[in-house]
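Residue-level structure breakdown
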Amino acid sequence: MNILGIETSCDETAAAVVQDGQIILSNVVASQIDLHAQYGGVVPEVAARSHIEVMLPVVQQALEEAFGADRRPQTVDRQSDANTDYRDQIDGIAVTAGPGLLGSLLIGTLTARTLAEIKNKPLYGINHVEAHVYANFLTVNPSELPDSGLLSTVYGLPTFPLLALIVSGGHSQIVLFNDHLDYEVLGQTRDDAAGEAFDKIAKLLGLGFPGGPAIAEAAKRGDDQAYAFPKAKLGKENLDYSFSGVKTAVLRQAQKLALPMAEKGSDPICIKSSDISKLLDDQVKRDIAASFQKTVVDTLVDRVMVAYERYQPKNVVIAGGVAANQALRAELKRRLPIEITYAPMHLCTDNAAMIASLGYWHAKADRAIDPKLLQADSSLAM
Ligand code: KG4
Ligand code: ZN
């Protein structure tokens, strides 16, 4: 069964075709990173406009890569996206319904609803956060991998019960999956998501956007013991997260360190966060980045260990953009007694193959939704 996946929840316009929830036939991602980098974060209106511009060409490319141009009828106008004939090859369309930026979600859902209607295909509304876990069910050709790791191709597909740490720019959750579509959210962030904290600290230190990879890179040459930042204590039994405290602690520490370089008589708390990156030297920034990263990683792994002891899952997977973080992978590997699974980098961050993979399980469970009724929901919960 071939599912066309469509993803536009944030700043990537993506389309993919996945066979039987597992085999990637195509996976096209048009990133807007360059567009947003100048603002130091994603600008919702800019994101939505860009999705409109590239949505149909991205779908077109995903279909062509999956099935080849030679399978299309001779009469098709190559410039016309609407004429793409994939009636026979696609069995259903899966689209991110939420959570995410509303303007961005609307472009993807409207596209999918229209295609489902005119091509007469079943439509599946997908939760983006849940779908991140399905990057671990995708099979990729090891020779095409841009990074190495413990991959499903090497260790087999994850088995249930499965404990998932889902950490992205918008979400930080620990979820226990008993089976496909059958899960329990054990804990989630009460304020900032882990990736959001990475992005904000990178902005504070002037390291660039997106912040996760920038912090990880700076941390490589920094001392992770240089500064002791607090780990939020929400109770030993509690599996929720909170990252606002560490974020403020980093700001205060950075202000203190910047004080000698600031105007005479300044109060550290009055040094503007936008001035910090100009006042700190590069090695201090690297040390802050390394210490901050260590605090976040330790906080994430502490809760995973509690959940692991409590539920004794067969597999632990990490998913979402922050799962690309090597320090997080290494620490989980060091502390867990079982192997962890994570997808290659390009499948950890937003893509449509993971949407199509989860769409397959929706199809198997007859969860098709009327294209006229599918709504984008910016705060869709798992
Ligand atoms: O899953 P994703 O692509 O989009 C959302 O659904 O949010 O995650 C993006 C987030 C960003 O906050 C980015 O800074 C973070 O993932 N990220 C990382 C790394 N690569 C991406 N965080 C830490 N370390 C990384 N190597
Ligand atoms: Zn995501």
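Up top is the structure.
Residues numbered from 1 in each chain as written. Chains lettered and ligands numbered in written order. Predicted model: local features only at pLDDT ≥ 70, side-chain atom pairs only at ≥ 80, totals over all residues. Heavy atoms only, no water.

Once that is clear, we can look at the sheet that holds strand S8 (residues 182-188). Read across the sheet, five strands follow the order S8-S7-S6-S9-S10 without closing on themselves; strand pairing throughout is mixed. Two strands bound the open sheet, and with one partner strand each, they are S8 and strand S10 (340-342). The sheet shows a mean angle of 25° between the axes of neighbouring strands, direction not considered. Relative to S8, strand S7 (residues 172-179) runs antiparallel, the two sharing six bridges. Paired with Phe177 across the two strands is Tyr183, which belongs to S8. (Pairing = 2+ DSSP bridges. Helix = DSSP H or I, 4+ residues; strand = E, 2+ residues; numbered from the N terminus. Axes fitted to C-alpha atoms, helices over the stretch in contact; angles between N-to-C directions.)

This part covers helix H7 (residues 211-220). Residues spaced three or four apart along an α-helix face the same direction, because each turn holds 3.6 residues. The complete set of buried residues in H7 reads Gly211, Ala214, Ile215, Ala218 and Ala219. The buried residues of H7 occupy an angular sector of 130° when projected down its axis, which confines them to one face. In H7, the exposed positions that point more than 90 degrees away from the buried face belong to Pro213 and Lys220. Considering only its buried residues, H7 is in contact with helix H6 (194-204) and helix H10 (282-311). (Buried < 20%, exposed > 50% of the residue type's maximum accessible area, 1.4 Å probe, protein only. Arc of directions from axis to C-beta. Contact = heavy atoms within 4.5 Å.)

Counting 85 residues, the largest nonpolar core has Val133, Leu165 and Phe292 as the members making the most contacts within it. At 12 residues, H10 tops the list of elements feeding residues into this core. Sequence-distant contacts of Leu165, defined by excluding residues within four places in its chain, comprise Gln173, Ile174, Tyr241, Leu300, Val304, Val317, Ile318, Ala319, Leu328 and Leu332. Ranked by size, the runner-up nonpolar core spans 23 residues in total, among them Val17, Val58, Tyr86 and Val95. (Core = buried A, V, L, I, M, F, W, Y, C linked by side-chain atoms within 4.5 Å.)

For Lys121, the position within the fold is in the loop between helix H3 (102-119) and strand S5 (123-127). Buried within the structure, Lys121 lacks any salt-bridge partner; its nearest side chain of opposite charge belongs to Asp91, at an N-O separation of 5.8 Å. Within polar-contact distance, the side chain of Lys121 engages the backbone oxygen of Ile90 at 2.9 Å. (Lys, Arg positive; Asp, Glu negative; His and termini not counted. Salt bridge = Lys/Arg side-chain N within 4 Å of Asp/Glu carboxyl O. Polar contact = N/O pair within 3.5 Å; in protein donor to acceptor, adjacent residues only side chain to side chain.)

Bound to the zinc ion (ligand 2) are the protein donor atoms His128 (NE2), His132 (NE2) and Asp350 (OD), situated 2.0 to 2.1 Å from the metal. Spacing between the donor residues of the zinc ion (ligand 2) along their common chain follows H-x3-H-x217-D. Separated by four residues within a single helix, His128 and His132 lie in helix H4 (residues 128-133), roughly one turn from each other. Take His128 and His132: they sit in the same class, and that class is buried. (Donors = N, O, S within 2.8 Å, 3.2 Å for Na, K, Ca; no water.)

Close to ligand 1 lie 18 residues, the nearest being His132, Gly169, Asp199, Gly212 and Asn325. Note that an oxygen atom of ligand 1 is positioned 2.8 Å from one of the backbone N or O atoms of Gly212. Here Asp350 contributes a backbone N or O atom positioned 3.0 Å from an oxygen atom of ligand 1. Summarising the interface, the protein chains cover 89% of the accessible area of ligand 1, which totals 550 Å² for the free molecule. Of all the elements in the fold, those that place two or more residues in the shell around ligand 1 are H4, H6 and H7. A breakdown of the residues in the shell around ligand 1 according to their chemical character gives four nonpolar, 12 polar and two charged. (Near = heavy atom within 4 Å. Areas by Shrake-Rupley, 256 points an atom, 1.4 Å probe, with all protein chains shown as cover. Nonpolar A, V, L, I, M, F, W, Y, C, P; charged D, E, K, R; others polar.)

Another aspect to go through is the pattern of salt bridges. A complete count under the given rule lists 11 salt bridges for this structure. Between Lys200 and Asp192 there is a salt bridge whose closest N-O contact spans 3.7 Å. Overall, Asp192 belongs to the buried group, its relative accessible area being 9%. One salt bridge in this structure joins Lys247 and Asp192, with 2.6 Å as the shortest N-O distance. Residue Lys247 is found in helix H8 (residues 244-258), and its partner Asp192 is found in the loop between S8 and H6; the two are separated by 55 residues along the sequence. The network of salt bridges with common partners includes Asp192, Glu196, Lys200 and Lys247.

Glancing now at the environment of Ala135. Checked against the element boundaries, Ala135 lands in the loop between H4 and helix H5 (152-155). Sequence spacing of Ala135 and Gly21 is 114 residues, and the spatial spacing of their C-alpha atoms is 9.9 Å. Setting aside its immediate chain neighbours within four residues, Ala135 contacts Ala343, Leu347 and Met354.

A separate point is the packing of aromatic side chains. Following the criterion strictly, the structure yields seven aromatic pairs and no others. With a centroid separation of 5.3 Å and 75° between ring planes, the pair formed by Phe198 and Phe292 is classed as edge-to-face. Placement of Phe198 in helix H6 and of Phe292 in helix H10 is noted, with a sequence separation of 94 residues between them. Using a relative accessible area of 2% as the deciding quantity, one classes Phe198 as buried. (Phe/Tyr/Trp six-rings, centres within 6.5 Å; stacked < 30°, edge-to-face > 60°.)

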